[in-house]
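Commentary on secondary and tertiary structure
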Amino acid sequence: MADILTPALGESVSEASIAKWIKKVGDSVRKDEVLVELETDKVSLEVVAPADGVLAAINAAEGDTVVPGTVLGSVSEGASAPAAAPAAAAAPAAAPAASGGASVEIAVPTMGESVAEGSIGTWLKKSGDTVAKDELLVEIETDKVAVEVSAPAAGVLTIAADNGATVTPGQVIGSISASGAAAAPAAAPAAAAPANSGSAQVPASAHLSPAVQRVVSENNLNPASLSATGPKGNITKADAIAAIGAAAPAPVVAAPAAPRADQPREERVKMTRLRQTIARRLKESQNTAAQLTTFNEVDMTNVMALRAQYKEVFEKRHGVKLGFMSFFTKAVVQALHEIPAVNAEIDGTDIIYKNHYDIGVAVGTDKGLVVPVLRDADTLSLAGIEKGIGALGKAARDGALTMDQMQGGTFTITNGGTYGSLMSTPILNAPQSGILGMHNIVQRPMAINGEVKIRPMMYLALSYDHRIVDGKEAVTFLVRIKELLEDPARALLDL
């Protein structure tokens, strides 16, 4: 028997949701054949079969939340799928029950690296209740993630660990025993349900997994109005996210807000896991690096004039709009050539100097801030940069970024100006040693050759790791970017 494990999800990604099972229990599978698709807050990835055989068990249903190392299911190695009778093939498969009076243990799954224990949340069922296979039973909270535990088989539940109890990976917290009463209720609704044509409406009273419940609560969604595309007609996290802002809320949700006098003075809301991860990563970056920020300002007159002059012919020729990011990326790459320490990173007592220029571009999405990487930016033209950034931005907003697109950047550019920011001190995207902050372009009076002129100005901020980048290098780097932007011909003439 070979376990199907949740793989590593990448930097700053601690959990994923089951998007879709490609195979079902009893299907024959080949080694490295795609079995299930996972979705995270940043990327999507596929999990393949660890061996040839038969998909013997699915432990995590579509819509469930999993963490790296979680056992998603198992493959019986060397076995072959039994031929199904025609009638059985047409009917939906009933969840297997614990057979012959035997009991199936419910064990605490792996909870991620460096997580040694967790606390039992609220059991959704009580001892003596009948449960269906893969039905959500309890959520285990840790210092880093929350892990959902589902029923490994259909039968009668016996709880061995109470709410709030501290547990460790592998610990038995309950069991499922066969009684003959559990399988029938689970199979009856399936037999009565119509064939799944893509989505179904679910009653407001339907049980939601904690991951889905959080999306519903935080966005004031009405469960009764959501289309369910998950197995057994359940609402998945993707269903809830897709419904945000789509249709008008049900009357109960859209009821007028209570007068201010009746509102609580304070409200406590649990942080989403993504926000917890962002908070942890940013604090780790601050604690690890000796971060310092230097500022300068750039006159955008010439870049804006060049862009206005050629934007129409540029778009006709290349099929993409000419924006500011390509100019900044070109300037950054040339400055990195001249100041290599800003393109390096520290590894223990070594400095790793990068001879490639993979630029991370911060993209704001509904799910949070992500930083996809534009590979080999030094080899790209302005049009190539614009196309690359455009494709990465679209993939980020569609939730279609791959792991490769999220890793390995050598320097990052973030543009707070799109939100109206005048000045900020960006935090390093560890383990990188530098990040450039762009800001809003504002018409300001400037002294030009002894005269006051109104010029479009932008403040630039370079945050850097002072352990590897000296102040002189940081200031020189930022001044070089200023020079290249104020006189774009320098880049063409390599000056």
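Residues numbered from 1 in each chain as written. Predicted model: local features only at pLDDT ≥ 70, side-chain atom pairs only at ≥ 80, totals over all residues. Heavy atoms only, no water.

This part covers the packing of helix H7 (residues 325-338) against helix H10 (residues 471-486). For any two helices packed against each other, one specifies the inter-axial angle together with the distance between the axes. The N-to-C vectors of H7 and H10 enclose an angle of 135°; their axes lie 9 Å apart at closest approach. What the angle tells us is that H7 and H10 run oblique. For the pair H7 and H10, the crossing hand works out as right-handed. Taken together, the residues of H10 that come into contact with H7 (itself represented by Phe327, Phe328, Ala331, Val332, Gln334, Ala335, Leu336 and Glu338) are Phe477, Arg480, Ile481, Leu484 and Leu485. (Axes fitted to C-alpha atoms, helices over the stretch in contact; angles between N-to-C directions. Helix = DSSP H or I, 4+ residues; strand = E, 2+ residues; numbered from the N terminus. Parallel < 35°, antiparallel > 145°, perpendicular 65-115°, else oblique. Left-handed = near helix turned anticlockwise from the far one by under 90°. Contact = heavy atoms within 4.5 Å.)

Tallied over the full model, the rule gives one aromatic pair. Taken together, a centroid distance of 5.6 Å and an interplanar angle of 50° make the contact between phenylalanine 411 and phenylalanine 477 tilted. With phenylalanine 411 in strand S26 (residues 411-415) and phenylalanine 477 in helix H10, this residue pair connects regions lying 66 residues apart in the sequence. Look at phenylalanine 411 and you get buried, because its relative accessible area is 0%. The ring of phenylalanine 324 carries arginine 307 above its face, with NZ or CZ at 4.7 Å from the centroid. (Phe/Tyr/Trp six-rings, centres within 6.5 Å; stacked < 30°, edge-to-face > 60°. Buried < 20%, exposed > 50% of the residue type's maximum accessible area, 1.4 Å probe, protein only. Lys NZ or Arg CZ within 6 Å of the ring centre and 35° of its normal.)

Below, the discussion takes up the environment of tyrosine 357. Of note, tyrosine 357 is situated in the loop between strand S21 (350-353) and strand S22 (359-361). Assessed through its relative accessible area of 8%, tyrosine 357 is described here as buried. With near-sequence residues (within four places) excluded, tyrosine 357 lies in contact with Val333, Leu336, His337, Asn343, Leu374, Arg375, Asp376, Ala377, Asp378 and Thr410. Among the polar contacts made by the side chain of tyrosine 357, one reaches the side chain of histidine 337 at a distance of 3.1 Å. (Polar contact = N/O pair within 3.5 Å; in protein donor to acceptor, adjacent residues only side chain to side chain.)

Taking strand neighbours across the sheet as the criterion, the four strands line up as S1-S8-S6-S3 in an open arrangement whose pairing is antiparallel. Each edge of the open sheet is held by one strand with a lone partner, namely strand S1 (2-5) and strand S3 (28-29). Sheet topology note: the S1/strand S8 (residues 71-77) ladder contains four bridges and is antiparallel. Bridge pairing in S8 links aspartate 3 to serine 74. (Pairing = 2+ DSSP bridges.)

All right, on to H7 then. For H7, with 14 residues, the first-to-last C-alpha span of 20 Å sits near the 20 Å given by 1.5 Å per residue. For H7, the set of buried residues is Met325, Ser326, Phe327, Phe328, Thr329, Ala331, Val332, Val333, Gln334, Ala335 and Leu336. (Expected span 1.5 Å × (residues − 1).)

Next up on the list: the nonpolar core. Of all hydrophobic cores here, the largest spans 49 residues; its most connected members are Val332, Phe411, Phe477 and Ile481. The set of elements that each furnish at least two residues to this core consists of helix H6 (301-318), H7, S22, helix H8 (382-397), S26, strand S27 (434-438), strand S29 (451-465) and H10. Counting residues per element, this core draws most heavily on H7, at eight residues. Trp21, Leu35, Leu45 and Leu55 belong to the second largest nonpolar core, which has 18 residues in total. (Core = buried A, V, L, I, M, F, W, Y, C linked by side-chain atoms within 4.5 Å.)

This brings us to the pairing of strand S2 (residues 16-21). Both S2 and strand S7 (residues 65-66) contribute to a ladder of two bridges, which runs antiparallel. Pairing of alanine 16 across the sheet is with valine 66, part of S7. Pairing geometry for S2 and strand S4 (residues 34-39), over four bridges, is antiparallel. Note that in S4 the partner of tryptophan 21 across the bridge is valine 36.

Turning our eyes to something else, we now look at the sheet that holds S4. Judged by pairing direction, the sheet is antiparallel, and its four strands sit side by side in the order S5-S4-S2-S7 without closing on themselves. Of all the strands in the sheet, just strand S5 (44-48) and S7 have a single pairing partner and so form its edges.

By the bridge criterion, three bridges tie S22 to S26 in an arrangement that is parallel. By the bridge assignment, glycine 360 is partnered in S26 with threonine 412. Relative to S27, S26 runs parallel, the two sharing four bridges. The residue of S27 that forms the bridge with isoleucine 413 is leucine 436.

Moving on: H6. Along its 18 residues, H6 runs 24 Å from first to last C-alpha, staying within 8% of the 26 Å computed at 1.5 Å per residue. For H6, the principal kink sits at tyrosine 310 and spans about 55°. (Bend = angle between axes of the 7 residues up to and from the residue.)

A separate point is the confidence of the model for the chain. Any residue range with low pLDDT should be treated as having predicted coordinates unsuitable for detailed reading. Residues of the chain with pLDDT of at least 70 account for 78%, and the chain-wide mean is 80. A low-confidence stretch, residues 81-96 stays under pLDDT 50, and its non-local contacts, those more than four residues away or across chains, total 12 contacts. (pLDDT = per-residue confidence, 0-100.)

Moving on, we come to the pattern of salt bridges. Oppositely charged side chains can pair when the atoms bearing their charge come close. The tally for this structure, following the rule as stated, stands at 18 salt bridges. Close ionic contact of lysine 23 with glutamate 33 constitutes a salt bridge, the shortest N to O distance being 3.1 Å. Here lysine 23 is found in the loop between S2 and S3, whereas its partner glutamate 33 is found in the loop between S3 and S4, with 10 residues between them in sequence. With its nearest N and O atoms 3.5 Å apart, the salt bridge here joins aspartate 358 to arginine 375. Here the residue aspartate 358 occupies a position in the loop between S21 and S22, and arginine 375 occupies one in the loop between strand S25 (373-374) and H8, the gap between them amounting to 17 residues. Residue classification places aspartate 358 among the buried positions, given a relative accessible area of 7%. (Salt bridge = Lys/Arg side-chain N within 4 Å of Asp/Glu carboxyl O.)

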